[in-house]
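The lines below spell out each chain.
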Amino acid sequence: MTFQRIVVALLVLIVAGLGGIGYVEWRTAVQMRTLKAFVEGYVFNEAVTACEQAKSSTPFKWNGGKSTSVIGLNSVKPDKYTVSASYTLVADNVYCDYDPIKRKAEIGSSFLERE
């Protein structure tokens, strides 16, 4: 009888622990989405301005473009200590990567090894 109570108590603790872990993970994911949306909204106007002013043989026209979309904030970790961030916009099939840290835009770059 004691053995059965111990097994049931351990099972209840395991279920409660898994539920707690799931809740914490869900809350963290919601906070990360909110933070990402805030950063993307903060960077958007700067990215559009920098992309339209960037020198390139293919002009980037966000305002007045027929087909525009925001790919969003991306990051790549090329080595152990460096993280490269990029905010990518597409206007009429012209890609523009904006680096929010350096505040520099590159049109048609290969940030994510695109063709």
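Before reading further, recall that the structure is shown in the block above.
Residues numbered from 1 in each chain as written. Predicted model: local features only at pLDDT ≥ 70, side-chain atom pairs only at ≥ 80, totals over all residues. Heavy atoms only, no water.

(A) Just the overall build of the chain, in detail. Of regular secondary structure, the chain possesses one helix and four strands. Relative to the compact-globule value of 13 Å for 115 residues, the chain shows a C-alpha radius of gyration of 23 Å, a clear excess of over 25%. The principal-axis extent of the C-alpha atoms belonging to the chain is close to 80 × 30 × 25 Å. With 115 residues in all, the chain has 21% of them scored as buried. A gap of 7 Å separates the mean positions of the 13 positive and 11 negative side-chain charges of the chain. (Helix = DSSP H or I, 4+ residues; strand = E, 2+ residues; numbered from the N terminus. Rg over C-alpha atoms; globule rule 2.2 N^0.38 Å. Buried < 20%, exposed > 50% of the residue type's maximum accessible area, 1.4 Å probe, protein only. Lys, Arg positive; Asp, Glu negative; His and termini not counted. Charge placed at Lys NZ, Arg CZ, Asp CG, Glu CD.)

(B) Representation of the pattern of salt bridges in the model. Applying the stated criterion across every chain, the model contains one salt bridge. A salt bridge links Glu46 to Arg103; the nearest nitrogen and oxygen atoms lie 3.2 Å apart. Taken as a pair, Glu46 in helix α1 (residues 2–53) and Arg103 in the loop between β3 (94–99) and β4 (104–107) lie far apart in primary sequence, 57 residues in all. (Salt bridge = Lys/Arg side-chain N within 4 Å of Asp/Glu carboxyl O.)

(C) Broad picture of the sheet that holds strand β1 (residues 68–76). Strands sit in the order β1-β2-β3-β4 across an open sheet of four strands; the sheet is antiparallel. Lying at the two open borders of the sheet, with one neighbouring strand each, are β1 and β4. The average angle at which neighbouring strand axes cross in this sheet is 20 degrees, direction not considered. Pairing analysis gives eight bridges linking β1 to strand β2 (residues 84–91), with the strands arranged antiparallel. What sits directly across from Asn74, in β2, is Ser86. Against the sheet, α1 engages β1, β2, β3 and β4, with an angle of about 60 degrees to β2. (Pairing = 2+ DSSP bridges. Axes fitted to C-alpha atoms, helices over the stretch in contact; angles between N-to-C directions. Contact = heavy atoms within 4.5 Å.)

(D) How the structure looks around the packing of aromatic side chains. Going through the model one piece at a time under the given rule, you end up with four aromatic pairs. For the pair Tyr23 and Trp26, a centre-to-centre distance of 6.0 Å together with 40 degrees between the ring planes defines the contact as tilted. With Tyr23 and Trp26 both in helix α1 and three residues apart, this pair spans about one turn of that helix. Taking the centre distance of 6.4 Å and the plane angle of 15 degrees together, the rings of Phe60 and Trp62 count as stacked. Classification of Phe60 by relative accessible area gives buried; the value is 3%. Of the residues examined, Trp62 reaches a relative accessible area of 14% and is grouped as buried. Of the aromatic side chains, those joined through ring pairs into one cluster are Phe44, Phe60 and Trp62. (Phe/Tyr/Trp six-rings, centres within 6.5 Å; stacked < 30°, edge-to-face > 60°.)

(E) Representation of the environment of Thr28 in the model. Tracing the backbone through its elements, the reader meets Thr28 in helix α1. Exposure remark for Thr28: the relative accessible area of 40% places this residue in the partly exposed category.

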